[in-house]
Amino acid sequence: MSALTSAILIHGADDLRVGEVETLDPGPGEVSVRVTRGGISTADLALYKNGLSKDLRQKQALIPGSEIAGTVIAIGSGVNRVQPGDRVAVNPLQTCGYCLHCRAGRSLHCSERRFFGSNERSLPTQGGFRQTLTCTESQAVPTGQDTPADRAAFAASFAQALHAVRRSGTIAGQRVYISGCGPVGLMTILAARHAGAREIIAGDLTSKPLQLALRLGADSVINVSTETDALKSLQSNQGMADLAFETAGTSVETAMALSFTRPGGRIIHMAPSGETALPLDLMIAKEIECVGAFHFDDEFEWAVDLLAKRAVDVAPLLGAAMPFRNARAAFDLAGDRAEATKVQLVFE
Ligand SMILES: [Zn+2]
């Protein structure tokens, strides 16, 4: 059985519309979820700005959305983790469980991986910005009935930050620089603080995100476009930060993060950008380790658990909640870097 449900559809660059799509009843091992909240991610914004890949463009529109919270409305046979009425956060990552990487405990790199709202490896996966969706039982992670959907919808972005912190190695007791204070950088401040960073310094090109960084736990902030004295101070002794998390994805900010990192330190790159140059000479001369951090693995369930326990306060991050039928305005607001705000869509 199938029915129609409203969804946000991206047809091409700057071409976003609300339309109707088919939604299927849950099959064996599957769960149907009534979506209540969806956070707009950096990847959603890139899709909106750049449109679909050439292969996909001719075939179908893509539903964005990977930061999804909702309520279970139906379950297929064999499902016992959740019941109708349960509140869940939906893990946007689906893996096969049997490929080389899954069996080695690296399911993030599953050869058959699918991620909501993306067309990785030319395999389009419809996302969660729709009134109802069907996913596997393992993707529907119970949040407990006391966790509001606006909080639960942060699970994927917090999981990404937890994964990056894990990729940083030992963070407890370290001085950390966060490059870029968009939603990803701000989430990383929360995760770094939770993991025991000794000192967190956050940098951005504009001032408003820096105020938010202070509210979320940064010890100090630097406007890297104007505060030259603070910049020089962080560059002294060949760099004063033990670890840097680069979330801005620009060549200028990447070079700056490298200059702030001490010899033998580590930079965790979280912002995929084909246009970003990495100053290899400086990296080699300072023997800095550069590691990538992409999405998350089992950190999703960890993130749900921490959010449900209120171990971190994500409330200051939520800048606006807007009806999904106003998706275009919501995407425009979320894409305003000077606002650095997380915008959620309301699907009720
Ligand atoms: Zn796999």
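The sections below set out a description of the structure shown in this document.

## Here we look at the coordination of the zinc ion
So, point 1. The protein atoms that coordinate the zinc ion are Cys96 (SG), Cys99 (SG), Cys102 (SG) and Cys110 (SG), at distances of 2.3 to 2.4 Å.
So, point 2. Taken together, the 4 donor atoms coordinating the zinc ion and their angles of 103 to 118° define a geometry best described as tetrahedral.
So, point 3. In primary-sequence terms, the residues that donate to the zinc ion follow C-x2-C-x2-C-x7-C. With a gap of 14 residues between them, Cys96 in the loop between strand S6 (93–94) and helix H3 (100–103) and Cys110 in the loop between H3 and strand S7 (114–115) connect regions that are remote in the sequence.

## Some thoughts on a nonpolar patch on the surface
So, point 1. On the surface, Leu278, Leu280 and Ile284 cluster together into a nonpolar patch covering about 270 Å² of accessible area.
So, point 2. Along the polypeptide, Leu280 turns up in helix H10 (residues 280–285).

## Comments concerning the environment of Pro124
So, point 1. Relative to the assigned elements, Pro124 resides in the loop between S7 and strand S8 (132–136).
So, point 2. The class of Pro124 is partly exposed, set by a relative accessible area of 22%.
So, point 3. Along the sequence, Pro124 and Ser53 sit 71 residues apart, while their C-alpha atoms lie 9.7 Å from each other.

## Structural notes on the packing of helix H5 (residues 155–167) against helix H11 (residues 299–308)
So, point 1. Two elements in contact, H5 and H11, have axes whose closest approach is 8 Å; the angle formed by their N-to-C orientations is 115°. As the angle between them shows, H5 and H11 are arranged roughly perpendicular. Crossing geometry of H5 relative to H11 is assigned as right-handed. Contacts from Ala155, Ala156, Phe158, Ala159, Leu162, His163 and Arg166 of H5 reach H11 at Glu299, Phe300, Trp302, Ala303, Val304, Leu306 and Leu307.
So, point 2. Residue classes in the contact of H5 with H11 are distributed as 11 nonpolar, 1 polar and 2 charged.

## Focus on the sheet that holds strand S11 (residues 199–204)
So, point 1. Ordered by their spatial adjacency, 6 strands build an open sheet running S12-S11-S10-S13-S14-S15, and the pairing between neighbours is parallel. The sheet is open, and its two borders are formed by strand S12 (220–223) and strand S15 (289–292), each paired with just one other strand. Pairwise comparison of adjacent strand axes, ignoring direction, gives a mean angle of 20° for this sheet.
So, point 2. As paired strands, strand S13 (residues 241–246) and strand S14 (residues 261–269) are joined by 5 bridges and run parallel to one another. By the bridge assignment, Ala241 is partnered in S14 with Thr261.
So, point 3. Those strands touched by helix H7 (residues 207–215) are S11 and S12, and its axis lies near 170° from that of S12.

Analysis parameters
- Residues numbered from 1 in each chain as written.
- Predicted model: local features only at pLDDT ≥ 70, side-chain atom pairs only at ≥ 80, totals over all residues.
- Heavy atoms only, no water.
- Donors = N, O, S within 2.8 Å, 3.2 Å for Na, K, Ca; no water.
- Tetrahedral: all angles 85-135°; square planar, octahedral: opposite > 155°, others 65-115°.
- Helix = DSSP H or I, 4+ residues; strand = E, 2+ residues; numbered from the N terminus.
- Patch = residues over 30% accessible without salt bridge, like charges linked within 9 Å, V, L, I, M, F, W, Y side chains within 5 Å.
- Areas by Shrake-Rupley, 256 points an atom, 1.4 Å probe, with all protein chains shown as cover.
- Salt bridge = Lys/Arg side-chain N within 4 Å of Asp/Glu carboxyl O.
- Buried < 20%, exposed > 50% of the residue type's maximum accessible area, 1.4 Å probe, protein only.
- Axes fitted to C-alpha atoms, helices over the stretch in contact; angles between N-to-C directions.
- Parallel < 35°, antiparallel > 145°, perpendicular 65-115°, else oblique.
- Left-handed = near helix turned anticlockwise from the far one by under 90°.
- Contact = heavy atoms within 4.5 Å.
- Nonpolar A, V, L, I, M, F, W, Y, C, P; charged D, E, K, R; others polar.
- Pairing = 2+ DSSP bridges.

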